[in-house]
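Observations on chain architecture
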Amino acid sequence: MRKPIIAGNWKMNNTIAETEKLVTELIPMVADAKADVVICVPYTSIAKAVELTKGTNIHVGAENVHWAEKGAFTGEISANMLVELGVEYVVIGHSERRQYFGETDQTVNMRTKAALAHGLKPIICVGETLEEREGNLTEEVVVRQTVEAFKDIDANELANIVIAYEPVWAIGTGKTATSEQANDTIKIIRDTMAKLYGDKTAEEVVRIQYGGSMNPANVKELMAMPEIDGGLIGGASLVAEKFSQVVNY
Ligand code: PEP
């Protein structure tokens, strides 16, 4: 019912030359994918990635977007600028942005609204830190992050939004949440969306990925869980062979 979606998050990796090599390798490897395939790439790689993936099943995303139309925001990128380049998706509220760059629940909401206003599809990240999990705060944290992210967002936008549940302690650490942990927390997020938008919408429309050291060895088990609709993949998205194995799980 909900189409799976596998997205790579390259983070601050790959020059234009490296982008060309990786995307060229990847195109034939994922051509028959049953899932939606997205690569979220650094700003400098966007034009090359869009050029190379034209006419393929790979969609290109950015890794952040500012909420303002334009102005005195040195170092930032507007939704307009991304759309002009041919970007379709954008990662918003990644834990690395929350941890290192002052991202808050409010700015996640502002970025999401700006992205939607320009026809970009947000991939909104939520997830608890290790401290929060150990303090039994996982539910409180993901519910708060979800409710705040979706403030003033209309139900008819939900088909264009993906949520990524990423336990911060599992990102880039090689530690994966167990499939039960991931499924249980994603269920909490879906129940939260049901409270906001109704059961039918939460069940049929809202796609929720798992992210955190997803790789060829664990993707099958994670994707077999009823609540998990896809993956946001960091490290394993940097190697064509590995990313394609995740995509073709
Ligand atoms: C991520 O960056 O969103 C991520 C899940 O990274 P990794 O797969 O490397 O844990």
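Keep in mind that this is a model prediction, so the values were computed, not measured. (Residues numbered from 1 in each chain as written. Predicted model: local features only at pLDDT ≥ 70, side-chain atom pairs only at ≥ 80, totals over all residues. Heavy atoms only, no water.)

A short note on the site of the ligand
Taken together, 14 residues surround the ligand, and among them Lys11, Glu166, Gly172, Ser213 and Gly234 come closest. Here an oxygen atom of the ligand and a side-chain polar atom of Asn9 are 3.1 Å apart. Backbone polar atom of Ser213 to an oxygen atom of the ligand: 2.7 Å apart, as the coordinates give it. Compared with its free state, where it exposes 290 Å², the ligand has 96% of that area covered by protein. Residues belonging to the shell around the ligand are distributed by class as follows: four nonpolar, eight polar and two charged. (Near = heavy atom within 4 Å. Polar contact = N/O pair within 3.5 Å; in protein donor to acceptor, adjacent residues only side chain to side chain. Areas by Shrake-Rupley, 256 points an atom, 1.4 Å probe, with all protein chains shown as cover. Nonpolar A, V, L, I, M, F, W, Y, C, P; charged D, E, K, R; others polar.)

Some points on the pattern of salt bridges
On inspection of all chains with the given rule, the structure shows 19 salt bridges. Among the ionic pairs, Asp229 bridges to Arg2, the shortest N-O distance being 2.9 Å. Note that Asp229 is positioned in the loop between α10 (219-223) and β8 (230-233) and Arg2 in the segment before β1 (5-9), a separation of 227 residues in sequence. The class for Asp229 is buried, based on a relative accessible area of 5%. Two residues, Glu148 and Lys151, come together in a salt bridge whose shortest N-O distance is 3.8 Å. Taken together, the shared-partner salt bridges in this structure form one network comprising Arg2, Arg190, Glu203, Glu227 and Asp229. (Salt bridge = Lys/Arg side-chain N within 4 Å of Asp/Glu carboxyl O. Helix = DSSP H or I, 4+ residues; strand = E, 2+ residues; numbered from the N terminus. Buried < 20%, exposed > 50% of the residue type's maximum accessible area, 1.4 Å probe, protein only.)

Regarding unusual backbone geometry
Here Lys11, not a glycine, exhibits a phi torsion of approximately 60°, which is positive. Checked against the element boundaries, Lys11 lands in the loop between β1 and α1 (16-29).

Things to note about the pairing of β1
Among the five residues that make up β1, five are buried, leaving the element largely enclosed by the rest of the structure. Alternating residues of β1 divide into Ile5, Ala7 and Asn9 and Ile6 and Gly8, and every residue in both groups is buried. Strand direction decides the pairing type here: β1 and strand β2 (residues 36-40), joined by five bridges, are parallel. Bridging from a neighbouring strand, Asn9 pairs with Cys40 of β2. Taken together, β1, α1 and β2 constitute a β-α-β crossover, and its handedness is right-handed. Across four bridges, β1 lies against β8 in parallel orientation. Directly across from Ile5, in β8, lies its bridge partner Gly230. (Pairing = 2+ DSSP bridges. Right-handed = clockwise from strand over helix to strand, strands pointing away.)

Digging into the environment of Arg133
Structurally, Arg133 can be placed in helix α6 (residues 130-134). In this view, Arg133 contacts Glu128, Thr138, Tyr165, Trp169, Gln181 and Thr185; residues no more than four positions away in its chain are not counted. At 3.4 Å, the side chain of Arg133 forms a polar contact with the side chain of Tyr165. (Contact = heavy atoms within 4.5 Å.)

Comments concerning the confidence of the model for the protein chain
Across the protein chain, pLDDT averages 97, with 100% of residues at or above 70. Taking the mean pLDDT of every element in the protein chain, the minimum, 93, falls on α6 and the maximum, 99, on β2. (pLDDT = per-residue confidence, 0-100.)

Some words on the packing of aromatic side chains
Both the distance between ring centres and the angle between the ring planes are used here to describe each pair of aromatic rings. One pass over the structure, following the stated rule, counts three aromatic pairs. Ring plane angle 85° and centroid distance 6.3 Å describe the contact between Tyr100 and Phe101, whose orientation is recorded as edge-to-face. The same class applies to Tyr100 and to Phe101, which are both exposed. Taking NZ or CZ as reference, Arg97 lies 4.1 Å from the ring centre of Phe101, over its face. (Phe/Tyr/Trp six-rings, centres within 6.5 Å; stacked < 30°, edge-to-face > 60°. Lys NZ or Arg CZ within 6 Å of the ring centre and 35° of its normal.)

Here's the deal with the side chain of Asp105
Along the chain, the position of Asp105 falls in helix α5 (residues 105-117). A relative accessible area of 10% means that Asp105 is categorised as buried. A distance of 2.8 Å separates polar atoms of two side chains, one belonging to Asp105 and the other to Arg98. Each residue touching Asp105, except ones within four places of it in the same chain, is listed here: Arg98, Arg144, Gln145 and Glu148.

Side note on the state of the cysteines
This structure, assessed with the given rule, holds zero disulfides. Of all cysteine sulfurs in the structure, the one in Cys125 sits closest to Cys40, which takes part in no disulfide; the separation is 8.9 Å. With a relative accessible area of 2%, Cys125 lands in the buried category. (Disulfide = S-S within 2.5 Å.)

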